[in-house]
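For reference, the chains in residue letters:
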Amino acid sequence: MKIRVLGSSGARMPGHNLPAFLIDDFLLLDAGTSTCVLNKIAQRKITHILITHAHLDHINSIPFLAENLVNGHYGKPLTVISGRDVINDIKRNIFNNRIWPDFTAIPDRKKPVMKFMNIAAGSCMKISGYQVCTAKVNHPVPSYGFIIEDPNGRTLVYTGDTGPTNKLWNMMSYHDVRALIIEVAFPDSMKQLALLSGHLTPSLLSEELKKMKKVPDRILVTHISPSYRSEIIRELKKNTGVKTEILSDNKLIRI
Ligand SMILES: [Zn+2]
Ligand SMILES: [Zn+2]
């Protein structure tokens, strides 16, 4: 499985892109970044987007990707997948013909550029031979973590944004996980804010790792706030007790 980090930052600033991970060129995991880093050909290869939750930093590039696909998308519609509550929020608040056009009716309803699909928490589905399972995580809005297994059995888990959580770790225990992409948004000095806003700090991450039946081979950290980056990296080295890798934009990971 090839994972291209399009964005892994907790805030948008020059040189810092919002969360998005492109799996084997076709499956986008969150859509904080896509059209500003992928060329036209790469954009057209994306057939599915898994969305963890409807916060703007995870969905903001979907409207521009849909617009770009109007010209020259000859294949199937781009399918945006998440829990029903997340999909409803995106439909009602963005693709509502006011903020942005309803691309599920463009150019027409029979052959649209984009479509939406629901996945229920606790369930699995097949996407082009890849198995995707989902569990709810802990964030102020409905949010889902994903377990993605490629046809060779290589498995990646992505938390999206979450505070301390359990369901995803329970589901993960049934899989042989090569890599976990997990968020750490704040330093330990901001633990209260992290808990209130449904995020993790380095010491909260180490508590989560203790809950796992088996810690995945690789722990890849994302969503670090640029303002606290050096502090968080220092604390991750000191506090977690396992080796973590800090993701950076444009990095290519193979698992
Ligand atoms: Zn969020
Ligand atoms: Zn976020």
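Cut-off values and rules
Residues numbered from 1 in each chain as written. Chains lettered and ligands numbered in written order. Predicted model: local features only at pLDDT ≥ 70, side-chain atom pairs only at ≥ 80, totals over all residues. Helix = DSSP H or I, 4+ residues; strand = E, 2+ residues; numbered from the N terminus. Rg over C-alpha atoms; globule rule 2.2 N^0.38 Å. Buried ≥ 20, exposed ≤ 12 C-beta atoms within 10 Å, placed from the backbone. Contact = placed C-beta atoms within 7 Å. Pairing = 2+ DSSP bridges. Axes fitted to C-alpha atoms, helices over the stretch in contact; angles between N-to-C directions. Core = buried A, V, L, I, M, F, W, Y, C linked by C-beta atoms within 7 Å. Arc of directions from axis to C-beta.

**Q** Honestly, the overall build of the chain in this entry has me stumped. Any pointers?
**A** In terms of helices and strands, the chain carries eight helices and 14 strands. Computed over its C-alpha atoms, the radius of gyration of the chain comes to 17 Å, within 12% of the 18 Å expected for a compact globule of 255 residues. In terms of principal-axis extent, the alpha carbons of the chain reach across some 55 × 35 × 30 Å. Looking at the chain as a whole, 44% of its 255 residues are labelled buried. Partitioning the contacts of the chain with sequence separation of at least 6, the portion at a separation of at least 24 is 59%.

**Q** Help me understand the sheet that holds strand β12 (residues 218–222) in this model?
**A** Hydrogen bonds between backbone groups are what pair the strands of a sheet, and the pairing can be parallel or antiparallel. Taking strand neighbours across the sheet as the criterion, the seven strands line up as β7-β8-β9-β10-β11-β12-β13 in an open arrangement whose pairing is mixed. Edge positions in the sheet fall to β7 (124–127) and β13 (244–246), since each has one partner strand and no second. Shown here is a sheet whose adjacent strand axes are inclined to one another by a mean of 25°, direction ignored. Bridging between β7 and strand β8 (residues 130–136) involves four bridges; their strand directions are antiparallel. Each residue of the ladder has a partner; that of Met125, found in β8, is Val132.

**Q** Where do I start with the nonpolar core in this structure?
**A** Side chains of nonpolar character tend, in soluble globular proteins, to be buried together. Within the largest apolar cluster, 65 residues are counted, with the highest numbers of intra-cluster contacts made by Phe21, Ile49 and Leu78. With residues near it in sequence (within four places) discarded, Ile49 still touches Leu28, Ala31, Ile62, Leu78, Val80 and Ile81.

**Q** How do you make sense of helix α8 (residues 229–239) when you look at a structure like this?
**A** By the burial criterion, the buried members of α8 are Ile232, Glu235 and Leu236. Down the axis of α8, the smallest arc covering the buried residues is 105°, so these residues share one side. Structural note: α8 exposes Ser230, Arg234, Lys237 and Lys238 on the side pointing more than 90 degrees away from its buried face. Next to the buried residues of α8 lie α7 (202–211), β12 and β13. Just beyond α8, the residue with positive phi is Gly241, at close to 80°.

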